[in-house]
Amino acid sequence: MAKDKDKNRRSSDPATQEMMDYSVEQDYETAWDRYEAQQPQCDFGELGLCCKNCMLGPCRIDPFGDGPQKGVCGATADTIAARNLTRHAAVGASAHSDHGRDIVHTLLMAAQGDAEGYEIKYEEKLEKIADEFGIEREDKDIDEIAREVAEVAMADFGRQEGELRPAQRAPEAVKERWREQGVMPGGVDKDIVRSLHETHIGVNSDAESLIKTAIRASLGDGWGGSMYATDFTDVLFGGPEPIKAEANLGVINPDAVNVIVHGHEPTLSEMIVAAAQDPDIKEKVKEAGAEDIQLAGICCTANEILMRHGIPLAGNFLQQELALSTGAVDGMVVDVQCIFPTLGELAQCFSTRVMSTSPKAKFNGVEHVEFSEEEGLSAAKKILENAIESFKERNPEEARVPEHQDDLVAGYTVESIFDTLGGTYRPLFRPLNKAIMDGRIRGVAGVVGCNNVKQAHDSGHIEMVKELIRHDVLVVQTGCSAVACGKAGLMKPEAAMEHAGDGLREVCEAVGIAPVLHVGSCVDNSRILLACTEMVKEGGLGDDIASLPVAGAAPEWMSEKAITIALYVASSGIYTLCGESFPVMGSKKVREYLTDGMEEDFGGKLAFERDPVEGAHMMIDHIDGKRKELKLDDMMNEPVERAEKVEAAAAHSS
Amino acid sequence: MAEKKDRGSVIVDLDRCLACKACETACAAAHTASGDLLEAILCGEAMAPRVKVVAAAGSAVPVQCQHCEDAPCVEVCPSGALYKDEEDGGTLTAPEKCIGCKNCVYVCPFGAVEWDEDSGTVLKCDLCKDIIEEGEEPACVSACPTRARRVLTVKEAASERRKAAAEHTVAVQSGQKEES
């Protein structure tokens, strides 16, 4: 019984619970074990009061006030917390933007015919971007246009002067505010380097101006690096359309060659998808005695191929080890970001071959099959051939695959979301704005982000999202948060019947959508920014993102990328709720600026709350406040009861 | 018999412990040949802390030897490897006498005695006897960045408690007066 309670506290997902038990039985180590071993964790780090930026230190500020209040250089708690935050934001922006750069580079190579297996699949979007960038299209073939667009985009990363191009898509009011606050992003790379410079010893010590520097670099991610990643991934691999798929560890097929792609960049996973269709590969699969080749994904690269091909999701971040523990995975191919360094060690228990592919990320005990865009398809075939080889060595009796899986619909984008409606509405946001103005839909919430062992895995996402849709808030999702709700069955149209408030349900039924929409990977949070921009353009909800009845949340966040995302979302004018606090709470000034002062400067601000239901209501209150400011009609239907408070699900040992 | 001198014990204010584990590293370093963490790492010297910061119900609790008056570890030690310091009553070890029976490990109510595979003997807090004799604080106490750890004699500790209790009583009483 005590064990059951402990299990629920670690994850609310049945497949995860089952595999966690199995891992304990088999003595396979998981992140939860390592979390336990790390207890207690240092509060100086948690509070952001530890500085090791120079070797006068390391220094710590006493949060009780009677110990040292300054580092050796003289930096206060405010300076140290703000500098640390700025570094985190710069790293998060780097991760997304370096991914974005790779996509732009791939587009350039594809246009030049240098990238094996890549082509331009979404010409209409490329042409639209070319027009936006002022690139003449007449008498040019699509490759030539692609080359010019890619070159212009590439130059935005190293831009030394002027404003970042895609940031110009933001509503005028937002851009005006960014200019006033001095945070209009310029070059993606330049703003990141500037952040790092400012945190060197003896440069910027003013907390507020450091935070604004962090915001500038973050905006360069959301409205630059990430936005380019989304745009050109669509151009290269096609614009997603609503598509059905399944999610959870149950998608692993014991009779097939199972290949899991894990990581972030679609340049790799798309080639794996293409290679799996190759007749040679299919023949080899048959020869090996397998039923088929079963691809599945973990983390955001999974979301990329889910959105475009309906490839099933094996799970999210905290399930990467559990997928291996099934013993039925023949190949796990990884690239960058959110990959546990322990996978190689765990894989030794099975015939599974874990293969790293990026020159940026190598792992102990993991074989490296270098992936390059020049030979993308060949590398992908080699990876699949390796997996087929290990399938032959797999012992079927030792495999343990949980049955749990659920259906979902993914593939929503700014372009495709209302495409289904056809006729005069297409592809405008009128139906959404109208439903909000009429009081059928209360507002929109973006619920995104990671998994964190400090909370019951998935539960933060699911409980928050359920509470939001019960109160007629339409939810859009990306990343591991989307995977959580997909597994929980919230992303299929039937979910509207079961979980949505009456108003939202009516709209979902009329449009034929689920109340929770999968809009992609974590770089695809840029789609949410553009959807908000479309809502502003559509009219009736104010001329500013900050006036929209919308909110954002990252209930189980853990990565530096999430810090960057929260900063660019909030500074774009959106109230943003984080399930775990930022590591800045030791500074009153930083804490108060982020949760209060920031709103005056940017129209949006951050809030921190671990209880997902409480968090949902903080978002709902914010949305209601915005509705009131806009003098919108009252909600059409009777208010519903608030769900019971979820006990903060810390996995601390007790 | 002359009265024992109270060297005091390490008293921890749990509200101030931030789980940074500086006490652990300082303790481990203090018990190396050079007494220096970096030196010990570079020399490849084995290091082990005698104090452990343990997680309990979301709190961090540093646990170490309480230097009990009736120390069970001394009681059960058949070889005299654990003994009471006659001068100040501290519980100390004589590693050369340890036969490795580990009885002390099993009976310590605080889990504060540990068997060390490498040295083949038991490790426990010696209250930094050498350091204290030079008039300094134990390594774990001087390393604590929030002053959560302090050395107090039992008399000092009781006196502090009394003072706090008295202040609390006054506060409650004046609160009652205001209410009435």
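So, here is what we can say about the structure in this document. (Residues numbered from 1 in each chain as written. Chains lettered and ligands numbered in written order. Predicted model: local features only at pLDDT ≥ 70, side-chain atom pairs only at ≥ 80, totals over all residues. Heavy atoms only, no water.)

Looking at a negative patch on the surface
A grouping of Glu123(A), Asp141(A), Asp143(A) and Glu144(A) is seen on the molecular surface, where their side chains present a negatively charged patch. Among the secondary structure elements, Asp141(A) is positioned in the loop between helix H6 (123-132) and helix H7 (142-157). (Patch = residues over 30% accessible without salt bridge, like charges linked within 9 Å, V, L, I, M, F, W, Y side chains within 5 Å. Areas by Shrake-Rupley, 256 points an atom, 1.4 Å probe, with all protein chains shown as cover. Salt bridge = Lys/Arg side-chain N within 4 Å of Asp/Glu carboxyl O. Lys, Arg positive; Asp, Glu negative; His and termini not counted. Charge placed at Lys NZ, Arg CZ, Asp CG, Glu CD. Helix = DSSP H or I, 4+ residues; strand = E, 2+ residues; numbered from the N terminus.)

Details of the environment of Asp126(B)
All names here are of chain B. If you trace the backbone, Asp126 turns up in the loop between strand E7 (121-123) and helix H5 (129-133). Residue Asp126 is classed as partly exposed on the basis of its relative accessible area of 22%. When sequence neighbours within four positions are dropped, the list of residues in contact with Asp126 reads Arg7, His31, His67 and Leu92. Side chain to side chain, Asp126 and His31 meet in a polar contact 3.0 Å long. (Buried < 20%, exposed > 50% of the residue type's maximum accessible area, 1.4 Å probe, protein only. Contact = heavy atoms within 4.5 Å. Polar contact = N/O pair within 3.5 Å; in protein donor to acceptor, adjacent residues only side chain to side chain.)

Quick word on the pattern of salt bridges
Residues and elements named next belong to chain A. Taken as a whole, this structure holds 58 salt bridges over all chains when the rule is applied. The shortest N-O distance in the salt bridge between Glu321 and Arg34 comes to 2.9 Å. Pair noted here: Glu321 is in helix H14 (residues 320-325) and Arg34 is in helix H3 (residues 31-37), with a separation of 287 residues, a long-range link. The partner of Glu132 in a salt bridge is Arg169, with the nearest N and O atoms 2.7 Å apart. Of the two residues, Glu132 sits in helix H6 while Arg169 sits in the loop between H7 and helix H8 (172-180), which places them 37 residues apart along the sequence. Judged by relative accessible area, Glu132 falls into the partly exposed class, the value being 38%. Looking at Arg169, the relative accessible area reads 15%, which means it is buried. Because the salt bridges share partners, they merge into one network encompassing Lys125, Glu132, Arg169, Asp231, Asp234, Glu304, Arg308, Glu415, Asp524 and Arg527.

A short note on the packing of aromatic side chains
All names here are of chain A. For the structure shown, the criterion picks out ten aromatic pairs over all chains. Centre to centre, the rings of Tyr28 and Phe350 are 5.1 Å apart; their planes meet at 70°, and the pair counts as edge-to-face. Taken together, the residues span a long stretch of sequence, with Tyr28 in the loop between helix H2 (14-26) and H3 and Phe350 in the loop between helix H15 (343-347) and strand E8 (353-356) at a distance of 322 residues. Take Tyr28: its relative accessible area is 12%, and that puts it in the buried class. Residue classification places Phe350 among the buried positions, given a relative accessible area of 15%. Connected via pairs of aromatic rings, a cluster forms that spans Phe133, Phe157, Tyr228 and Phe232. The side chain of Arg165 reaches across the aromatic face of Phe133, ending 5.6 Å from its centre. (Phe/Tyr/Trp six-rings, centres within 6.5 Å; stacked < 30°, edge-to-face > 60°. Lys NZ or Arg CZ within 6 Å of the ring centre and 35° of its normal.)

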